[in-house]
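# Architecture at a glance
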Amino acid sequence: MVSDVATSADGEASSLLARDVGKRFLAADGAAVQALDGLSLAITAGELVSLIGPSGCGKSTLLRLIAGLDAPTSGELRIGKEPIAGPGAERGLMFQDPNLFPWLSVRRNIEASLAARGTLRARRGEVDELIKLVGLEAFAEVYPHQLSGGMAQRAALARALVNHPKVLLLDEPLGALDQFTRMRMQDEVLRLWQARGTTMVLVTHDIDEAIYMSDRIALLTARPGRVERVITVADPRPRQRNSPVFLELRAEILERLHFAGSAEAGSARAETDMSTADGSPTSHRISPDKMSHRRPRQV
Amino acid sequence: MSLKDLESPPIITDRRESRPALDLAARRGGQAMAAALSPAVAALAALSLHQFLPDRQVLPMTWADSLSAWLHPYPVLLATLLATSLIAAAAQGAWPRLRPWGRHHAPLLAGAMVTLGLWDVTTVKFDWLPLPYFPGPDMVLAGMIDDRSILFDSTYRSLKLLLSGYAVGVAAGLVSGVLMGWFRRVRYWGMPVMKVVGPIPATAFVPLAMVLFADSFLAGTALIALAVWFPVTMLTTSGIANVPVAYFDVARTLGAGRVFLIFRVAVPASLPNVFIGLFMGLGASFLTLIVAETVGVKSGLGWYLKWQQGYAEYAKVYAALIIMAVFFSSLMTLLFKARDWVLVWQKGTIRW
């Protein structure tokens, strides 16, 4: 991992560097929790990197630090050469919950950041383009509660993109979607990424998603989180979800996460989609998080 | 019973079931007819009772004696309602589109007229409820017409006082609510004040208000504003303080500054709460208005009510009550309409 830091492309304005980052915060019961400790990671401009690791390993904490919503307790975070100090429009963040403002129509949601920064008048045309890009032309004037989960997430994506962020941070953005919608959205995110050259950091629980989308995958250790290993996905795009390279990588990651050899690891994922009584999609999935108890003792 | 019996029910059962189905359709049609005609029937019944039963209540000499027979408003009202009901029933017969609407409203209208008839019978006709406290509908309506100009003026003055007090209270409540919801320190100092002063009914401040304000209109405005201010502040504060943090996180990553966070995120997100405060405040303002008008302000519906009570003119007291009902209910309806318009983005709200 240290070598990753060394190879960082300092010249690029949208490269991302985390050096020896630690984050400690107080839990509700007053106990100090060390979420991240000595985490280092370098992401070059235009790269798509996934963060994978057991639940509670601080993936989301890291994204919040990069977004500037929280400040690290120790270490250093930089975008290009600029240290990160507070949130900024050059870093977009997309959550698992679309978090659309329910009082604004889809269009007004997408316009929100332009309105916040006083550039709405000059760039209104881009909003229409973006709405078309995410395929929501017919729903532009609709309020969020009338949208399906996938449409809401597309609107949130458009909202995060309207600023032309140099870095787009995706915190399990597709986690709440059903399998088919998720696969379609993966392609859409990839399409946008390729069209715009945005640097992307994707937190995911889905190993297949990480392999399908990323240039590199950073495996994080359990709390306190640090980068255990960075795996480069050498498979050229568009990737086949069942190509030998793909399956090989999946086996490697499973092994790294200590799932290899167990009965479940052979099939990797047993997934069923069902709907709950209120019609919202849920997915039951055997994923590294849900099995953290299988983790062997720390070395 | 064997399994086979269960699988193939005897044919005769089918026949039996088909006949009730026909009956049901016929009964539905009959019910629709009955619903459409019910207001007319009720109006006719109330009118006949009024015209043909002898009066038992002995009226004292009043202004009502000077009314000529054809000027008595109650039979005129009933006749008008009867005619309207008949036209409405005919319209429903002609345009099937109107039927669901009629079906919904007709029984309510009929019920209202039955109530009028019962009122007439228990007072004027059988004298079960004594004068002067329980005049019949004819007298109340006549009282309303007799005092129409002063009632109109009183309503206007009440409206003016209510709206000025409500506007001041809402404005103050929104400002203090946003400040207390947003700034922790303001909440620290403001909450105890709210907790101590807030629960006192505004009407308890009547003596103080009369001393502080030379003008009774100002005193009334201040009292109503105080009554409105408390719930609006409380609900706005809690609304703003409980906006999901995620909305602020999103807004901050979109490059929003503090002004945007307060006025474009916190305030709209708390609007559903704010409207609850506005409704509570409106209810409190009605109460305070009437109390203020009966004890200090020398005008308005509350004052009129007290004044007529002094002369034991209960017909006019009821007239004022009916006007208040219409007046307050209309304001409530207006606020509901405003809520529906502002909160279109919300799903599932209570209908008024």
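Above this note sits the structure.
Residues numbered from 1 in each chain as written. Chains lettered and ligands numbered in written order. Predicted model: local features only at pLDDT ≥ 70, side-chain atom pairs only at ≥ 80, totals over all residues.

From N to C terminus, chain A includes nine helices and 12 strands. Across the 299 residues of chain A, 43% fall into the buried class. Within chain A, counting contacts between residues at least 6 apart in sequence, those at least 24 apart form 68% of the total. (Helix = DSSP H or I, 4+ residues; strand = E, 2+ residues; numbered from the N terminus. Buried ≥ 20, exposed ≤ 12 C-beta atoms within 10 Å, placed from the backbone. Contact = placed C-beta atoms within 7 Å.)

Helix and strand content of chain B: 13 helices and zero strands. Each helix and strand of chain B, ordered N terminal to C terminal, gives the series α-α-α-α-α-α-α-α-α-α-α-α-α. Taken over 352 residues, chain B has a buried fraction of 35%. Put simply, of all contacts in chain B between residues at least 6 apart along the chain, 78% involve residues at least 24 apart.

This next bit is on the sheet that holds strand β4 (residues 74–79) of chain A. Whenever strands of a sheet pair, they do so through backbone hydrogen bonds, lying parallel or antiparallel. Residue and element names in this part refer to chain A. Read across the open sheet, the four strands follow the order β2-β1-β4-β5; overall the sheet is antiparallel. Here the strands that pair on one side only, and so sit at the sheet edges, are β2 (32–43) and β5 (82–83). Where strand β1 (residues 16–26) meets β2, eight bridges bridge the pair, whose relative direction is antiparallel. Opposite Leu26, over in β2, you have Ala32 as the bridge partner. (Pairing = 2+ DSSP bridges.)

Along the polypeptide, Gln346 of chain B turns up in the segment after α13 (314–342). With 86 residues separating them in the primary sequence, Gln346 of chain B and Phe260 of chain B have C-alpha atoms 21 Å apart.

Residues and elements named next belong to chain B. Taking 1.5 Å per residue, 29 residues should reach 42 Å; α13 reaches 42 Å between its end C-alpha atoms and fits that length. Along α13, the positions that sit buried rather than exposed are Ala315, Lys316, Val317, Tyr318, Ala319, Ala320, Met324 and Arg339. Where α13 is buried, its residues touch α5 (137–146), α6 (148–182), α11 (258–295) and α12 (301–310). (Expected span 1.5 Å × (residues − 1).)

Turning to the interface of chain B and chain A, a few remarks are in order. Facing 17 residues of chain B, the contacting portion of chain A comprises 21 residues. Residue contributions to the side of chain B that touches chain A peak at seven residues, all from helix α10 (residues 245–253) of chain B.

Right, let's get into the pairing of strand β8 (residues 199–203) of chain A. Residues and elements named next belong to chain A. The buried fraction of β8 is high, at five of five residues. Of the two faces of β8, the one holding Thr199, Val201 and Val203 and the one holding Met200 and Leu202 are both buried throughout. Bridging between strand β3 (residues 48–52) and β8 involves four bridges; their strand directions are parallel. Across the sheet, the residue bridging to Leu48 is Met200, located in β8. Sheet analysis places strand β7 (residues 167–171) next to β8, joined by five bridges and oriented parallel. Bridge pairing in β8 links Val167 to Thr199.

Residue and element names in this part refer to chain A. Sheet architecture is open: six strands sit in the order β6-β7-β8-β3-β9-β10, paired in mixed fashion. The strands lining the two open edges of the sheet, one partner per strand, are β6 (91–94) and β10 (227–232). Looking at each pair of strands side by side, their axes are set apart by 15° on average, direction ignored. Relative to β10, helix α8 (residues 244–256) is tilted by about 175°, and along the sheet it contacts β3, β9 (216–220) and β10. (Axes fitted to C-alpha atoms, helices over the stretch in contact; angles between N-to-C directions.)

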